[in-house]
Amino acid sequence: MEMDIDGACKPKDEEGKAKGKPIVAILVGAPGSGKSTFCENVMLASSRPWVRVCQDTINNGKSGTKPQCLKSAVASLKEGKSVFIDRCNLDKEQRVDFVNLGGPEVEVHAVVLDLPAKLSVSRIVKRTGHEGNLQGGKAAAVVNRMLQNKELPKLSEGFSRITFCRNETDVDAAIKTYTAVGPLDTLPHGCFGQKDPNAKTQLGIMRFLKRPHETNTRDSVPSQLTEDKGPCGKTQETVSSSSGMASQKIKVSEDMAPGSISQDESDIPTLAFPSISTADFQFDLEKASDVIVGKVEEFMDKLGNARLVLVDLTERSKILSLVRAKAAEKKIDSKRFFTFIGDICQLYTKGGLCCNVIANAANWRLKPGGGGVNAAIFNAAGPALEAATKEQARSLLPGNALVVPLPSTSPLYSKEGVTHVIHVLGPNMNPRRPNCLDNDYVKGCKVLGDAYSSLFKGFLSIANTQVKVPRSSGSILSGPSKLEDEISGTKTKMWAPCLQALYNIAMQPEKHSKQVLEASDDVVVLNDIYPKAKQHLLVLARIKGLDTLADARKEHLPLLMTMHEVGLRWVDKFVGEDASLVFRLGYHSVPSMRQLHLHVISQDFDSKHIKHKKHWNSFTTAFFRDSVDVIEEINNQGKATIQDEKRLMPMELRCHRCRSAHPNIPRLKSHISSCQAPYPADLQKKGRLVPEQTNSGL
């Protein structure tokens, strides 16, 4: 073997010629850390063909998306080129998809430009003409917010080499190293230059920043930086406000149903509300922010796990900036009260934020029309909201709120998960509007305080009412919160509308003909929208009240056996087309979506949708209950055994055949693509594998 520039051996092809692998080098660093300069310096002098993939320019010279970056990187690798990923990549989730580009034929490196924050800030403040338009004084706040959420990369993520640069000398050395890597060279694996593995946030940057209340509206610091957007504009990564009051961090997985977010987020009762009386009603922003924060503080102890979210359309909103700063000063829990930038009518589908209740800054007639939030909410909710409002009241006095249950026919209900709209009317300081107070802020602040009190009380009444609704009532419980109540010894689960897609298909398959493969009186069959293998079907039970495996009892045995038989019939079809396929039929102990469904899944697990540990462990640990075992347990014990999700999901990644352990998903996928070990003995019994296997393996 030949030796490379750092003493590493060069691999050789069959003819004995040295052959190097393409490299995906992921740049990790805040704006101003020198990522683009690093790429340019290496590419100018290197004999290895490099391509720079930069999100700021990926869209025909304009800012683009993460999927566009991934597509460009894949295309370059197919051409035999190495790739620099020029994005901030400051946390593990932002890096994972690029790490997954690696494998037996591609090495994945990280170059961490962890320079002093002061240096990054000084560069970013001075620069002009930046590709991503991140420059000038306000960009200093962006650097600070991003550093607060930084996660340094680790080899366990799937990197073969990580280089840490703590100063400009380290950067120069790294540039020389990568410049010297020729087309046939490799670099040693491992971690280089890291002095403090636990380092996270550099201090000393805050003195560069103005506080939000010291800035005017035009120069206010954006409360959120969106690094890239996913489908439908969902935020993939957000960072917190420099004031210390975090804008809630919402992360969306593309493997979930469109518009859905994590189960943890949808479990929480949430009220989204706009600032009342500060737009058309021209209420002083300083005074309004005092009232908002004061009332939020007053209600904090009454909220339990519920959340309050102040919403505005623009990142330059002064009211958001003021409220964040004042809430931080009062040390209000930022997990239960935070600000969010987005359309209050599309918080779920566009922003990934589940809110079961939204507030409307209404007019006194409770009518559609006008402008602003009132017109937007009535328009988004459709005629159902106006009709439901008329049933409750025909007018509203300033300082009061009106809770209106939203009919399920409303688009806000079906698309956004909003179960209630609370109309609230605040004080008016606009002489062109009714009931103007002529700048009487003593009365105005009293009315505004009463309005927020009425609003928050209305929200709490909704949560308290929902908790008491029993499953046996037969109602379809919805709203983006999971609330449990001990009723006759059973627990009631409230399913968010975003988690009811399977239920809706099971109950009305005729409305989903494009998705349904087979339908009968008992079951509906469809492809999993994010299959975890070459073949992955769902067999849905068509019966109300059978939401999860925990609901199944002896009276359901005929249905469970029918589901199993339907699954076997589809297995026969697939095996007839591809004799190499082997299947398991089973249930998740705790499903992520409502309506009992049987997974019929081939055991190749050849899927781009397996990206996280939970994806793998939900199908390869005891969390996945084989259908034959479920039927036997219910027949003998009256119910199925439910395995502990919290214990099983974090387990190490192990091959489902040979049970060998692997550090990350890319390494695991590389292994299972070639593993031919026999399946474990326990799976080769009782028909858990279809077709049945023998101890000799395939």
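Residues numbered from 1 in each chain as written. Predicted model: local features only at pLDDT ≥ 70, side-chain atom pairs only at ≥ 80, totals over all residues. Heavy atoms only, no water.

The name given to the protein chain in an unreviewed UniProt entry is Macro domain-containing protein, and the organism recorded there is Gossypium barbadense. The annotation that UniProt attaches to the protein chain under Subcellular location (unreviewed entry) is "Nucleus". (UniProt positions renumbered as here; feature names shortened; annotations may be inferred.)

How would you sum up the sheet that holds strand S6 (residues 107–113)? Please name residues and give values.
Pairing is parallel in the open sheet, where 6 strands are placed in the order S4-S5-S3-S6-S7-S8. Since the sheet does not close on itself, it has two edges, and those belong to strand S4 (50–54) and strand S8 (190–192), each with one partner. Going across the sheet, the axis of each strand differs from the next one's by a mean of 15 degrees, ignoring polarity. Bridging between S4 and strand S5 (residues 82–86) involves 5 bridges; their strand directions are parallel. If you follow Arg52 over to S5, its bridge partner there is Phe84. Seen against the sheet, helix H1 (residues 35–45) touches strand S3 (23–28), S4, S5 and S6 and runs at an angle of roughly 160 degrees to S5. This element, helix H6 (residues 168–179), spans S4, S6 and strand S7 (161–165) of the sheet and lies at about 145 degrees to S7. (Pairing = 2+ DSSP bridges. Helix = DSSP H or I, 4+ residues; strand = E, 2+ residues; numbered from the N terminus. Axes fitted to C-alpha atoms, helices over the stretch in contact; angles between N-to-C directions. Contact = heavy atoms within 4.5 Å.)

How would you explain the sheet that holds strand S18 (residues 523–527) if you had to name every residue and give the values?
Sheet strands pair by backbone hydrogen bonding; their relative direction is either parallel or antiparallel. As summarised here, the arrangement of the 6 strands in space is S17-S18-S19-S21-S20-S22, forming an open sheet in which the pairing is antiparallel. Of all strands in the sheet, those with a lone pairing partner are strand S17 (516–519) and strand S22 (624–626), marking the two edges. On average, each strand axis in the sheet is tilted by 30 degrees relative to the strand beside it, whichever way the strands run. Across the sheet, helix H15 (residues 557–577) touches S17, S18, strand S19 (536–541), strand S20 (583–588) and strand S21 (597–602), and the angle it forms with S20 is around 145 degrees. Across the sheet, helix H16 (residues 613–620) is in contact with S19, S20, S21 and S22; its angle to S20 comes to roughly 105 degrees.

Explain the packing of aromatic side chains to me, and be specific about the residues and the numbers.
Inspection of the entire model under this criterion finds 13 aromatic pairs. Pairing Phe38 with Tyr178 gives two aromatic rings, centres 6.2 Å apart and planes at 70 degrees, and the pair type is edge-to-face. Of this pair, Phe38 sits in helix H1 while Tyr178 sits in helix H6, and the two are 140 residues apart along the sequence. Tyr178 carries the same exposure label as Phe38, and that label is buried. With a centroid separation of 5.6 Å and an interplanar angle of 70 degrees, the aromatic rings of Phe273 and Phe456 are classed as edge-to-face. Of the two residues, Phe273 is situated in strand S9 (residues 270–274) and Phe456 in helix H13 (residues 441–467); the sequence distance between them amounts to 183 residues. Residue Phe273 is classed as buried on the basis of its relative accessible area of 0%. On the basis of relative accessible area, Phe456 is assigned to the buried category, the value being 1%. (Phe/Tyr/Trp six-rings, centres within 6.5 Å; stacked < 30°, edge-to-face > 60°. Buried < 20%, exposed > 50% of the residue type's maximum accessible area, 1.4 Å probe, protein only.)

So, the confidence of the model for the protein chain: which residues are in play, and what are the values?
This prediction gives the protein chain a mean pLDDT of 80; 78% of its residues lie at or above 70. Confidence, read as mean pLDDT per element, is least for strand S15 (residues 486–487) in the protein chain (28) and greatest for S21 (98). Throughout residues 1–18 the model reports pLDDT below 50, and contacts reaching past four residues in sequence, or to other chains, amount to 40 contacts. (pLDDT = per-residue confidence, 0-100.)

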